[in-house]
Amino acid sequence: MANSTPLLSQPNSAESESTPPPLEKHHPSLDSSIERYIGDFGWAQFFQILLVSFAWLFDAQQTFISVFTDAYPTWHCTSHQLGCNSVSNICFIPKNSWAWDWPSYTSIISEWNLQCSSSIITGLPASSFFMGCLVGGLVLATLADSSLGRKNMLFLSCLTMSLSSLLTVFSTNIWAYSALKLVCGFGRATIGTCALVLTIELVGKRWRGQVGVIGFFFFTIGFLSLPAIAYWNKGSSWRSLYLWTSIPGILYSMLVHFFVCESPRWLFVHGRKEEAVAILKSIAPPSHSGGSTLSFSGVSFEQETWHNGNVYSTITILVQKKWAFLSPVMVIGFGIGMVYYGMPLGLGNLPLNLYLSVTFNALSEIPSSLFTILLIGKLNRKFSVLAFTTISGIFSVMCALKGKEWTRLQIGFELVSFFSACFAFDILLIFTIELFPTSVRNSATSLVRQAFVFGGVFSPMLVAAERRNGISSYVVFGLVIGCCGLFAACLPETRGKALCDTMDEEEHREKVACNEVGDVLA
């Protein structure tokens with residue numbers, strides 16, 4: 001029976017193994033063909049992008065919730081006759097000479113009597129969360145590129161994260177709490193990556209940067225909602241924060257399952273052409289949505305021959321290929337991650353109001369996202385990452401300056417450093433997506449985010465060590481991001497370049513570029 005839907009023409013299998021993808025000037029590529037139908041921006045695309053970007057909001061809440069639930073509570077002396085004063089160490093004075101300012105159930109520190117525990121123990125829940133993100137990213141990295149797809153991976157990740165967060169309210173000790181934080185981090189690992197890749201693959205290259213930044217705005221809203229929820233529940237159990245953030249996340253997961261579309265690019269790469277064409281018809285702007293205009297016949301297309309869905313083989317291939325540049329991008333991600341996750345956690349060590357400080361940090365993400373939206377089309381990716389990691393490093397080191405004259409300036413230094421790290425992070429994620437083809441884009445972006453999270457693994461312990469031993473975490477943050485940012489000099493510029501869909505196509509483009517350079521030199 002003849003197929004009524006015009007699809008991509010499949011090249012002869014023998015030819016596809018020996019012949020590289022033809023140049024776009026001879027036959028239209030998959031990228032250029034999709035570009036014709038979703039290059040403009042329609043309401044259906046806008047709805048999909050908003051719905052997918054909401055995942056970032058819940059991602060942010062679970063990422064930074066420990067700033068309040070694991071905070072070191074304030075206390076006061078109940079008797080000054082037993083050596084208690086405002087500068088005393090409560091671990092060395094009698095328990096009956098002091099008391100917490102708020103009920104013990106407002107923080108895990110006071111509820112489980114962890115005030116005198118080592119920095120490893122008090123930092124364990126937050127570090128467990130980031131370790132879960134790291135493991136989840138490595139284990140789940142290629143599933144969105146191989147068997148599950150972007151949509152299903154996003155749904156399962158959101159559901160796992162939200163359910164484990166809900167179960168956290170039943171924790172009875174630090175060990176059960178840390179174990180559930182590990183599971184929460186494991187589920188959360190691919191949320192940002194899947195959401196970012198899916199939104200960018202639903203639009204044409206003209207809108208890639210702007211659409212990618214929408215997710216960052218939702219992340220900011222999620223971050224900003226935490227101090228509001230925490231302040232509203234001030235004096236209540238730390239468990240209430242998990243209830244307020246996990247239940248909406250579970251409901252959102254259901255919306256993803258029923259209303260979000262799969263990436264048409266991913267469907268094409270995996271041979272599911274009819275589904276891809278149907279989705280393109282549903283999201284294309286009205287001027288391109290007619291069935292007679294949506295034809296992919298004559299488009300030359302190959303399915304991936306390099307990628308087999310295994311994370312280790314993917315890493316090996318990406319490390320070996322000269323065009324991939326995976327290692328320097330991951331190093332940069334590590335440095336930015338240490339500052340991005342560490343600075344909000346370290347706010348409790350500064351002589352500032354915790355609620356206001358976290359609010360200011362969350363608000364600083366808004367201008368960074370706005371700048372990205374307005375300037376992404378004009379900014380050189382490589383220079384931007386290099387410049388803003390350097391600025392972040394310098395101001396992070398300046399946060400360590402001591403003395404009364406520096407107290408008011410510390411929050412300013414911290415905000416400039418955090419803003420610069422946010423801006424560098426936004427640019428780096430879009431940079432990463434432009435560097436890698438569709439078949440491994442989610443895997444590569446996920447690996448970069450895991451390097452980002454790996455930097456966050458060390459942040460809670462550095463912050464706890466500063467609280468107990470006086471070692472400035474901000475100096476460490478600044479030195480690390482400054483040194484790691486230098487690796488941006490190794491990367492090629494990607495602004496305005498077309499996206500490739502397979503590694504074969506990327507390989508062919510690299511060979512053509514090398515040949516052109518050789519011709520010029522000759």
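In this text, all values refer to a predicted model and were calculated from it rather than measured experimentally. Residue numbers here run from 1 along each chain, matching the order of that chain's written sequence. Side-chain atom pairs in this predicted model are given and counted only at pLDDT of 80 or more, local residue features only at pLDDT of at least 70, and totals for whole chains, interfaces and linings cover all residues. The basis for the side-chain values is all heavy atoms of the structure; hydrogens and waters are excluded.

Caption draft 1: Representation of the overall build of the chain. Regarding its fold elements, the chain presents 22 helices and two strands. Residues classed as buried in the chain amount to 56% of the 522 residues present. In what follows, residue pairs with any heavy atoms lying within 4.5 Å of each other are defined as contacts. By sequence separation, contacts in the chain at least 24 residues apart represent 83% of the contacts at least 6 residues apart. Accessible areas in this description were obtained via Shrake-Rupley with a 1.4 Å probe; residue shielding takes into account the shown protein chains only. In the form shown here, the chain has an accessible surface area of approximately 21,200 Å², with 66% of it arising from carbon and sulfur atoms. A run of H or I in DSSP counts as a helix once it spans at least four residues, and a run of E counts as a strand once it spans at least two, with each numbered from the N terminus. Classification of residues uses two cut-offs on accessible area relative to the type maximum, computed with a 1.4 Å probe and protein chains only: under 20% is buried, over 50% is exposed, and between them is partly exposed.

Caption draft 2: Fine view of the state of the cysteines. When two cysteine sulfur atoms are found within 2.5 Å, that pair is recorded as a disulfide. On inspection of all chains with the given rule, the structure shows one disulfide. The partner cysteine of Cys-91 in its disulfide is Cys-116, sulfur to sulfur 2.1 Å. Residues Cys-91 and Cys-116 are joined by a disulfide whose S-S torsion is about -115 degrees; by sign, that bridge is left-handed. On the criterion of sequence distance, the pair formed by Cys-91 in the loop between β1 (75-77) and β2 (98-100) and Cys-116 in the loop between α5 (108-111) and α6 (119-122) is long-range, its members being 25 residues apart. No disulfide involves Cys-133; its sulfur sits 7.7 Å from the nearest other cysteine sulfur, which is in Cys-184. Residue classification places Cys-133 among the buried positions, given a relative accessible area of 0%.

Caption draft 3: Region of the structure containing a nonpolar patch on the surface. Without a salt bridge and with relative accessible area above 30%, a residue can belong to a patch; like charges are then joined within 9 Å and nonpolar side chains (Val, Leu, Ile, Met, Phe, Trp, Tyr) within 5 Å. Salt bridges are defined as contacts in which a side-chain nitrogen from Lys or Arg sits within 4 Å of a carboxyl oxygen from Asp or Glu. A contiguous nonpolar patch, built from Phe-47, Met-254, Leu-255, Phe-258 and Phe-259 and spanning about 520 Å² of accessible area, is present on the exposed surface. Considering every element that reaches the nonpolar patch, the biggest residue donor is helix α12 (residues 239-259), with four residues. Relative to the assigned elements, Leu-255 resides in helix α12. Given the relative accessible area of 39%, Leu-255 is considered partly exposed.

Caption draft 4: Inspection of the pattern of salt bridges at higher detail. The full count for this structure, using the stated rule, is six salt bridges. The partner of Arg-150 in a salt bridge is Glu-201, with the nearest N and O atoms 2.8 Å apart. Here Glu-201 lies in helix α10 (residues 191-201) and Arg-150 lies in helix α8 (residues 149-167), a separation of 51 residues in the sequence. Residues joined in a network through salt bridges with shared partners are Asp-59, Arg-188 and Arg-449.

Caption draft 5: View of the packing of aromatic side chains. Each aromatic pair joins two rings of Phe, Tyr and Trp (for Trp, the six-membered one) with centres within 6.5 Å, and gets the label stacked for planes under 30 degrees apart, edge-to-face for over 60, and tilted for any other angle. Scanning the entire structure with this criterion turns up 38 aromatic pairs. Taken together, the aromatic side chains of Trp-56, Phe-64, Phe-129, Phe-130, Phe-216, Phe-219, Phe-223, Tyr-340, Tyr-341, Phe-418, Phe-425 and Phe-452 make up a single cluster linked through ring pairs. For Lys-95, the ring lying beneath its charged end belongs to Trp-98, and the centroid distance is 4.2 Å. In this analysis the charged atom, NZ for Lys or CZ for Arg, is taken to sit over a ring once it is within 6 Å of the ring centre and within 35 degrees of the ring normal.

Caption draft 6: A look at helix α17 (residues 354-375). For α17, with 22 residues, the first-to-last C-alpha span of 32 Å sits near the 32 Å given by 1.5 Å per residue. When α17 is considered as a whole, its buried residues turn out to be Ser-357, Val-358, Asn-361, Ala-362, Ser-364, Glu-365, Ser-368, Ser-369 and Thr-372. End-on, the buried residues of α17 take up no more than an arc of 150 degrees, which puts them together on one face. Multiplying one less than the number of residues by 1.5 Å gives the expected span of a helix. Working definition: the arc comes from the directions between the helix axis and the C-beta atoms, pointing outward to the latter.

Caption draft 7: The arrangement of the nonpolar core in detail. Residue types Ala, Val, Leu, Ile, Met, Phe, Trp, Tyr and Cys, when buried and joined through side-chain atoms within 4.5 Å, form a set referred to as a nonpolar core. With 112 residues, the main nonpolar core has Trp-56, Phe-64, Leu-154, Tyr-252, Ile-336 and Tyr-340 as its most contacted residues. Ranked by residues supplied to this core, first place goes to helix α19 (residues 404-435) with 14 residues. Sequence-distant contacts of Leu-154, defined by excluding residues within four places in its chain, comprise Val-52, Ala-55, Ile-191, Cys-194, Ala-195, Tyr-252 and Val-256. The next biggest cluster of nonpolar side chains, apart from the first, holds six residues, and it includes Cys-77, Cys-84, Ile-90 and Ile-93.

Caption draft 8: Spatial organisation of the side chain of Ser-253. Among the secondary structure elements, Ser-253 is positioned in helix α12. We classify Ser-253 as buried; its relative accessible area is 0%. Excluding its chain neighbours within four sequence positions, the residues that come into contact with Ser-253 are Phe-155, Cys-158 and Leu-159.

Caption draft 9: Up close: the packing of α8 against helix α9 (residues 174-188). Note on method: axes are straight lines fitted to C-alpha atoms, helices fitted across the in-contact stretch only, with angles between N-to-C directions ranging 0 to 180 degrees. Relative to each other, α8 and α9 sit at 165 degrees, their axes nearing to 7 Å. As the angle between them shows, α8 and α9 are arranged roughly antiparallel. In this structure, α8 crosses over α9, and the sense of that crossing is left-handed. Between α8 and α9, the contacting residues are Ser-157, Thr-160, Met-161, Ser-164, Ser-165 and Leu-167 on the first element and Leu-180, Val-183, Cys-184, Gly-187 and Arg-188 on the second. Ten residue types, Ala, Val, Leu, Ile, Met, Phe, Trp, Tyr, Cys and Pro, are classed as nonpolar, four, Asp, Glu, Lys and Arg, as charged, and the remainder, Gly among them, as polar. The class makeup of the residues in the contact of α8 with α9 is five nonpolar, five polar and one charged. Throughout, the term roughly parallel applies to angles under 35 degrees, roughly antiparallel to angles over 145, roughly perpendicular to angles from 65 to 115, and oblique to all others. Each crossing is labelled by how the near helix is turned from the far one, with a counterclockwise turn of less than a right angle marking it left-handed and a clockwise turn marking it right-handed.

Caption draft 10: Inspection of unusual backbone geometry at higher detail. Positive phi, normally seen in glycine, also occurs at Asn-113, with a value near 55 degrees. Structurally, Asn-113 can be placed in the loop between α5 and α6.

Caption draft 11: Molecular detail of the environment of Leu-347. With respect to the element layout, Leu-347 can be found in the loop between α16 (326-346) and α17. Between the C-alpha atoms of Leu-347 and Val-463, which are 116 residues apart in sequence, the distance is 9.0 Å. Leu-347 has contacts with Leu-354, Ser-357, Val-358, Asn-361, Glu-414 and Tyr-474, leaving out every residue within four places of it along the chain.

Caption draft 12: Main features of the environment of Glu-365. In this structure, Glu-365 sits in helix α17. What makes Glu-365 buried here is its relative accessible area of 4%. Discounting residues that sit within four places of it in the chain, Glu-365 has contacts with Phe-219, Thr-220, Phe-223, Tyr-340, Phe-418 and Cys-422. Polar contacts here mean pairs of N or O atoms no more than 3.5 Å apart (in protein, one a potential hydrogen donor and the other a potential acceptor; neighbouring residues in sequence count only if both atoms are side-chain atoms). Side chain to side chain, Glu-365 and Tyr-340 meet in a polar contact 2.8 Å long.

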